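# Remarks on the overall topology
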Amino acid sequence: IYAEVQLPDPDAATGYTLHPALLDAALHPIALAADGSGDQAHLPFAWEGVNLHATGATTLRVAITPIGGQATSLTITATDPTGQPVATIDTLTLRPLTELPTKPGRDNQLYALDWPVLAGGNATGTGTYAILASHSPEFAQLLNTALPTPAPVYDDFQQISEPPPMLLLPCAADGDGGEPAGPAHAITRELLELLQRYLADDRLNDTRLVLATRNAVSVDTAAANGAAGGGAPGLAQSPVWGLVRSVQVEHPERVTIVDLDDRPGSLEALASAIEAASAQGEPQLAIRDGVVHVPRLVRAGRQPMLAPPPDGPWQLTVAGKGTLENLTLVPAPELDEALGSGQVRIAVRAVGVNFRDVLYALGMIPQDQRPLGGEGAGTVVEVGPDVDHLAAGDRVMGIFTGTGPTAVADHRMITRIPDGWSFTQAATVPVAYLTAYYALADLAGVQPGQRLLLHAATGGVGTATLHLARHWDIEVFATASPGKWNVLREHGLQVSHIASSRTLEFEEHFGDTLGDHRIDVVLNALAGEFNDASLRLLAPGGHFLEMGKTDIRDPEQVAAAHPGVHYQAFDIMQAGPERIQEILTELHDLFEDERLHPLPATTYDIRHAPEAYRHLSQARHIGKVVLTIPAPPDPDGTTLITGGTG
């Protein structure tokens, strides 16, 4: 078989002895040398007598010759166009690719990576471990706290005198959170060396190496019980997964890799997850919010997804209130109408989801007929008359109506996104921070040193309030579900200032802490008896600010039952566009100075909106739930395709 292959760009060969794409193309004709009909795929297995005779080649003329009439053993000669040798391979041995259909697929189906929950993952978690800490001592210490009994910690394989059944190897973190390319190369090189030493150490033949990473893979668990999805902020560790997958193919049952998120429940589930995965032959797993997931390839069309209309602007709506399954994407041609005075058209990239959206979809707030959505982030594409401080191309965040790829906003309700922020980060800010700021500063007139009772303190408004309270020196008493108390401790709250949002015990607990003092401000999102208990903790002259929508009370009746208490149910839209612009400007300065920060986000593609709404309704998130909207290809930009040469 003879073939000629050429690099489309001759300059691409610079810096290579032999450009890998050119070599790969030179090997493609071996498919023509296969026996029979060619239905059985073969891949290179063993190379012998490989010699490079010249460098910098941009064109190769290739001769492929079967050895002894066997199409699975070949000799390959590659020359330049003048006939001068560039590379020779004395023997290339091919092996059939097994466990695949005998004929190539004809349907051109796309596949997606799914992360279902590991069935039967309830192992006891009582195995015997050791930890190799040299790569990440801090992560190693954290992992050791999650094991059933403290494990011996080593800095090198040579220190291990009695090889354990399981050896944990924590992967180093990304460093300072900057660009990930440099750390990715460093981490991968170091782990490659460690893996090679592990595999070469005969003493460890019966020891399974368990490599642990943090947020290195993107686990979209929307199709698995509606659990938290999310991106992969640990990008510098992500290449490690590719490296380990190669090791797992070459050395089956030797290496397991597990990725954890930052939730405390995930760390607690580590030991039992490793043992359950080992028992079921699962070499790769991810733990999200304490739930163990394993990777599976599925046909892309099998995952339930909302389908956007093919043309024109569209938005998320509910076809019939009462169930989240009725969420749908419908055309919204009105978003293409000419802009009025003071209006801005935005190409939306991320949208914050609020509890009000869930209640609206479920038909629980019939008095509120505003459409779904109310905040987000994107890029300005057009400005209307009388808008002189914004221009097309500006990245903005703020309040606007609707949830879809196009939105129209009042220019007073948006502001520029701080430098360095992603659209997802920006979408966590508007409603949460505006609500918290307006409630505390405008409605309560809070002062440094005053006491604030904050319910649902790990949600969007709750987390924003914690940031503002620290900035304004406010003493916070916070409630949240017990599984999220670690988040409150990370914000500096003491045990005496933390209680459950699921029981009424917070009244007695905080009462004991307060002693003769009382609460000055309550920022409330609960209902029923919880509101009554909170009112009893308020001092005369205190403010009870109601964000909730399901238990709004009469201010006069509250004042009669609790003399001196100022009760007010509110919504951020009551502040009006002018005040919202003032608050956004003040917040923007605080974000730019890094005195305030964006909120944690659990992200879902907008086509998984029902799962996102369900996740929010279950109050399993911390910070905000954000819907991301895929950006269409930019005809004037650059599109990077990975794996596109397969």
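What you are looking at is a predicted structure, and each value in this text was computed from that prediction instead of being measured. (Residues numbered from 1 in each chain as written. Predicted model: local features only at pLDDT ≥ 70, side-chain atom pairs only at ≥ 80, totals over all residues. Heavy atoms only, no water.)

Within the protein chain one finds 16 helices and 29 strands. Considering the protein chain as a whole, with its 646 residues, one finds that 49% of them fall into the buried category. Residue pairs at least 24 apart in sequence account for 66% of intrachain contacts in the protein chain once pairs closer than 6 positions are excluded. In the structure as shown, the protein chain presents an accessible area of about 30,500 Å², 52% of it carried by carbon and sulfur atoms. Of the charged side chains in the protein chain, 39 are positive and 76 negative, and the gap between their average positions amounts to 4 Å. (Helix = DSSP H or I, 4+ residues; strand = E, 2+ residues; numbered from the N terminus. Buried < 20%, exposed > 50% of the residue type's maximum accessible area, 1.4 Å probe, protein only. Contact = heavy atoms within 4.5 Å. Areas by Shrake-Rupley, 256 points an atom, 1.4 Å probe, with all protein chains shown as cover. Lys, Arg positive; Asp, Glu negative; His and termini not counted. Charge placed at Lys NZ, Arg CZ, Asp CG, Glu CD.)

Moving on, we get to the nonpolar core. Nonpolar side chains tend toward joint burial in soluble globular proteins. Ranked by internal contacts, the top residues of the largest apolar core, which has 54 residues, are Tyr433, Leu523 and Leu587. Elements with a contribution of two residues or more to this core: β19 (395-399), α8 (423-427), α9 (430-443), β22 (451-454), α10 (460-472), β23 (475-480), β25 (519-524) and α15 (576-592). Among the elements that make up this core, the one with the highest residue count is α9 (ten residues). The two domains that each donate at least three residues to this core are domain 3 (314-428 + 600-628) and domain 4 (432-581 + 584-593). If near-sequence neighbours (up to four positions away) are discounted, Leu587 is found in contact with Tyr433, Leu434, Tyr437, Leu468 and Leu596. (Core = buried A, V, L, I, M, F, W, Y, C linked by side-chain atoms within 4.5 Å. Domains from an automatic or database assignment.)

The next subject is the sheet that holds strand β12 (residues 284-288). Pairing within the open sheet is mixed, and its seven strands lie in the order β8-β7-β9-β10-β11-β12-β13. The sheet terminates laterally at β8 (153-154) and β13 (291-293), the two strands that pair on one side only. As paired strands, strand β11 (residues 255-260) and β12 are joined by four bridges and run parallel to one another. Bridging across to β12, Asp259 finds its partner in Ala286. On top of the sheet, helix α3 (residues 181-200) reaches β7 (129-132), β9 (166-170), β10 (208-214) and β11; it is set at about 165 degrees to β10, its chief contact. (Pairing = 2+ DSSP bridges. Axes fitted to C-alpha atoms, helices over the stretch in contact; angles between N-to-C directions.)

Between α3 and helix α4 (residues 238-250), the least distance of the axes is 9 Å, while the angle of their chain directions is 25 degrees. By the angle class used here, α3 and α4 are roughly parallel. Of the two elements, α3 crosses α4, and the hand of that crossing is right-handed. Facing α3, whose interface residues are Ala184, Ile187, Thr188, Leu191, Leu192, Leu195 and Leu199, α4 presents Pro239, Val240, Leu243, Val244 and Val247. (Parallel < 35°, antiparallel > 145°, perpendicular 65-115°, else oblique. Left-handed = near helix turned anticlockwise from the far one by under 90°.)

Our next topic: unusual backbone geometry. Peptide bonds are, in most cases, trans, and in most cases residues other than glycine have a negative phi. Positive phi is not limited to glycine here, since Asp386 has a value of about 70 degrees. Secondary-structure assignment places Asp386 in the loop between β18 (375-383) and β19. Owing to a relative accessible area of 60%, Asp386 belongs among the exposed residues under this scheme. Look at Ala456: it is not a glycine, yet its phi comes out positive at around 50 degrees. You can see Ala456 is positioned in the loop between β22 and α10. Take Ala456: its relative accessible area is 33%, and that puts it in the partly exposed class.

A separate point is the domain arrangement of the protein chain. Structurally, the protein chain comprises domain 1 (2-96), domain 2 (114-299), domain 3 (314-428 + 600-628) and domain 4 (432-581 + 584-593). Here domain 1 and domain 4 have C-alpha centroids that lie 70 Å from each other.

Read across the open sheet, the five strands follow the order β1-β3-β4-β5-β2; overall the sheet is antiparallel. The outermost strands of the open sheet, each flanked by one partner alone, are β1 (2-6) and β2 (42-52). On average, each strand axis in the sheet is tilted by 25 degrees relative to the strand beside it, whichever way the strands run. Pairing of strand β4 (residues 70-79) with strand β5 (residues 85-96) involves six bridges; the strand directions are antiparallel. Directly across from Thr77, in β5, lies its bridge partner Thr88.

It is worth spelling out a negative patch on the surface at this point. A grouping of Asp419, Asp589, Glu592 and Glu594 is seen on the molecular surface, where their side chains present a negatively charged patch. Relative to the helices and strands, Asp589 is located in helix α15. (Patch = residues over 30% accessible without salt bridge, like charges linked within 9 Å, V, L, I, M, F, W, Y side chains within 5 Å. Salt bridge = Lys/Arg side-chain N within 4 Å of Asp/Glu carboxyl O.)

Looking at the secondary structure, you find Asn215 in the loop between β10 and α4. Judged by relative accessible area, which is 11%, Asn215 ranks as buried. Of note is the side chain of Asn215, whose polar atom sits 3.3 Å from the side chain of Asp262. (Polar contact = N/O pair within 3.5 Å; in protein donor to acceptor, adjacent residues only side chain to side chain.)

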